[in-house]
Protein chains: 2
Amino acid sequence: MATSAVTNGDSKPAPKFDPTFTQNVINATGPKASPRIRQVIGSAIQHLHDWARENELTVDEWMAGVELINEAGRMSDDRRNEGQLVCDVLGLESLVDEITYKLATDASDAPTASAILGPFWRKDAPERAMGDTIVSGIENGDNTWMHGQVTDYLTGKPIEGAVLDIWHTAPNGLYEQQDPDQPDMNLRGRFTTGKDGKYELYCLRPTSYPIPFDGPAGKILQLLDRHPYRPAHIHFIVTAPGYKPIVTQIFDRRDKYITDDAVFAVKESLIVDFEPLKGNPKADFELSYDFRLATYDEAKNNSLAGATEVTTAEG
Amino acid sequence: MATSAVTNGDSKPAPKFDPTFTQNVINATGPKASPRIRQVIGSAIQHLHDWARENELTVDEWMAGVELINEAGRMSDDRRNEGQLVCDVLGLESLVDEITYKLATDASDAPTASAILGPFWRKDAPERAMGDTIVSGIENGDNTWMHGQVTDYLTGKPIEGAVLDIWHTAPNGLYEQQDPDQPDMNLRGRFTTGKDGKYELYCLRPTSYPIPFDGPAGKILQLLDRHPYRPAHIHFIVTAPGYKPIVTQIFDRRDKYITDDAVFAVKESLIVDFEPLKGNPKADFELSYDFRLATYDEAKNNSLAGATEVTTAEG
């Protein structure tokens, strides 16, 4: 099976490494593998091997990668998904989000754009009354009155019974599950629209913060001489009966990291302006934002209509 | 940043996904990253993104992959390296071994070929006297008298003080650290050559066995409709003062999996014949095998001379 590095008769150089190896590995796949698995894992083997050959990867370098992946798994539990975070700093979650979203809606009058879920969503956030605040026990935050409407992106009609699931960090840059000083489920909430599709709530104008960099994702950032900061953002999952869920984030235009997100999630249509607000004792800023959803029927010609089910380490 | 799927004026189709995204991620690498890190991780980002785009990977599929990697890390400890095993079933360890070995020695009169370390080596195997057995408490094994010589691959001279570190499974297919019924360090040993460079020891004629398939590596094999068996083999690390260590395995030609190794490690030059042996009450088979080592001087023109340091989860 060995190949030689010398040239052969017709002056074409012999391959440096066994030219049949990768195809042999791919060909080991049995007849009962599903077509999709055969495609996706076969392609992964090809890219993995091409990567190793193109960079002449050594055993030591590969082993360092294995240890990094093992360590990511060991750090992951129901409060932290380090494998996801490693993908995020390599841009993979944002890319997969783009692929899934593009395939789902190629129309120009598209529903609200998606953005990555990120590793900090929790299921069963508290259901709150319309107009309530999600802020508890935080004195130094920029309180914000956020409001808008949830509509059908094609008909423009308001959607009744839409649920906005919202979460963001405290001014110290920590989500509540990372921060023992915050009450459980702080800065999270679920709000359900009435007949007019409108919502309003109080939250904070968010702050930029570093993603956790004490694990393999941080190690990668350090090796690449990159910073760990994300521009200030608020997360949403918007669901409604009969409509495709939207997982997204909105970003503060004034944030210094708006063009330099450590996880590459910013999209132009998701950048928003927090406006100064006068005369409301409960808030210093106002944010108006509407969400546009597509029905499953509107997306029914797309084979990926079911691909936006929310799946996380907690789910 | 969004791109449209419609065609533009000159009838060249617009790219399906943002054509600048991957380069933006690669360009985020800072000026202080080492050239090798910039190359290897930059190339990894390119391949990872190309793989996602070519297969139109969905969020759910990606998340299934993240969970698989996290689970591999959670299963890994000082007795099991599941991240390594996942690489092994995808052929990556064997490929990286080939790359490292080829770069180290392109000569036709090469030293003994290398093979993957695998996840079951343990450091500090017992030092045993020449001629001793590594078998303890096993009644149903095919006892084998193994012998040979360790020589300099260029001069042919015997090497004094060479250490053969040997390990293999019991007839039940388990290494001792996987098997509570075996004594600690059973079927392992280190033997040091004298002036003649010769060695002899008693071991078992090994049996084919399945790699552990109760974790992510097994899940991948199942998805690919593949078996988990390795052809019967004996592991060695051979070291000697002034010589490059060799990590290798030898394989039993008669094994039914000899052309179908679950981790793709078999090389022609490492296939051996166990011969029936008469008149020795301690063994029913004989195996003769010589090891040829290269000095660091002989390999000094190669930048990877230090790349075969043994690194494992335990080391």
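Everything numeric in this text was worked out from a predicted model, so none of it was measured.

Novice: Would you explain the packing of helix 3 (residues 59–75) of chain B against helix 6 (residues 216–223) of chain B in this entry?
Specialist: How two helices sit against one another is set out by the angle between their axes and by the gap between those axes. All names here are of chain B. Orientation of helix 3 relative to helix 6, taken along the N-to-C sense of each, is 140 degrees, at an axis distance of 9 Å. With respect to their mutual orientation, helix 3 and helix 6 come out oblique. Between helix 3 and helix 6, the contacting residues are Leu-68, Glu-71, Ala-72 and Met-75 on the first element and Pro-216, Lys-219 and Ile-220 on the second. Classifying every residue of the contact of helix 3 with helix 6 gives five nonpolar, no polar and two charged.

Novice: I keep staring at the confidence of the model for chain A and nothing clicks. Help me out?
Specialist: Interpreting fine coordinate detail is not advised for predicted regions of low pLDDT. Residue and element names in this part refer to chain A. Of all residues in chain A, 89% have pLDDT values of 70 or greater, and the mean over the chain is 89. With pLDDT under 50 throughout, residues 1–8 is counted as low confidence; its partners more than four residues away or in other chains account for 16 contacts. Segment residues 301–315: pLDDT under 50, and 34 contacts once partners within four positions in sequence are set aside and those in other chains are kept.

Novice: Any chance you could explain the sheet that holds strand 7 (residues 233–239) of chain A here in plain terms?
Specialist: In sheet architecture, strand pairing relies on hydrogen bonds along the backbone and comes in two forms, parallel and antiparallel. All names here are of chain A. The five strands are arranged 3-2-7-8-9 in an open sheet whose pairing can be described as mixed. Looking at strand neighbours, the two that pair on one side only are strand 3 (188–192) and strand 9 (271–272), the edges of this open sheet. When strand 2 (residues 163–167) meets strand 3, the two strands line up antiparallel, connected through five bridges. If you follow Ile-166 over to strand 3, its bridge partner there is Gly-189.

Novice: I tried to follow the interface of chain A and chain B on my own but got confused; where do I start?
Specialist: A common way to express how large an interface is: the accessible area buried when the components associate. Counting residues at the interface gives 84 residues for chain A and 84 residues for chain B. Here chain A meets chain B over a buried area of about 7300 Å², counting both sides, of which 66% is carbon and sulfur. Summed over the shared surface of chain A and chain B, the number is two salt bridges. The salt bridge partner of Arg36(B) is Glu61(A), with a shortest N-O separation of 2.7 Å. Where chain A packs against chain B, one counts 35 residue pairs in polar contact (both at pLDDT 80 or more). Elements with a minimum of two residues in the side of chain A that touches chain B: helix 1 (21–27), helix 2 (35–54), helix 3 (59–75), helix 4 (82–89) and helix 5 (92–104) of chain A.

Cut-offs applied
- Residues numbered from 1 in each chain as written.
- Chains lettered and ligands numbered in written order.
- Predicted model: local features only at pLDDT ≥ 70, side-chain atom pairs only at ≥ 80, totals over all residues.
- Heavy atoms only, no water.
- Axes fitted to C-alpha atoms, helices over the stretch in contact; angles between N-to-C directions.
- Helix = DSSP H or I, 4+ residues; strand = E, 2+ residues; numbered from the N terminus.
- Parallel < 35°, antiparallel > 145°, perpendicular 65-115°, else oblique.
- Contact = heavy atoms within 4.5 Å.
- Nonpolar A, V, L, I, M, F, W, Y, C, P; charged D, E, K, R; others polar.
- pLDDT = per-residue confidence, 0-100.
- Pairing = 2+ DSSP bridges.
- Buried area = accessible area lost by both parts, 1.4 Å probe.
- Salt bridge = Lys/Arg side-chain N within 4 Å of Asp/Glu carboxyl O.
- Polar contact = N/O pair within 3.5 Å; in protein donor to acceptor, adjacent residues only side chain to side chain.

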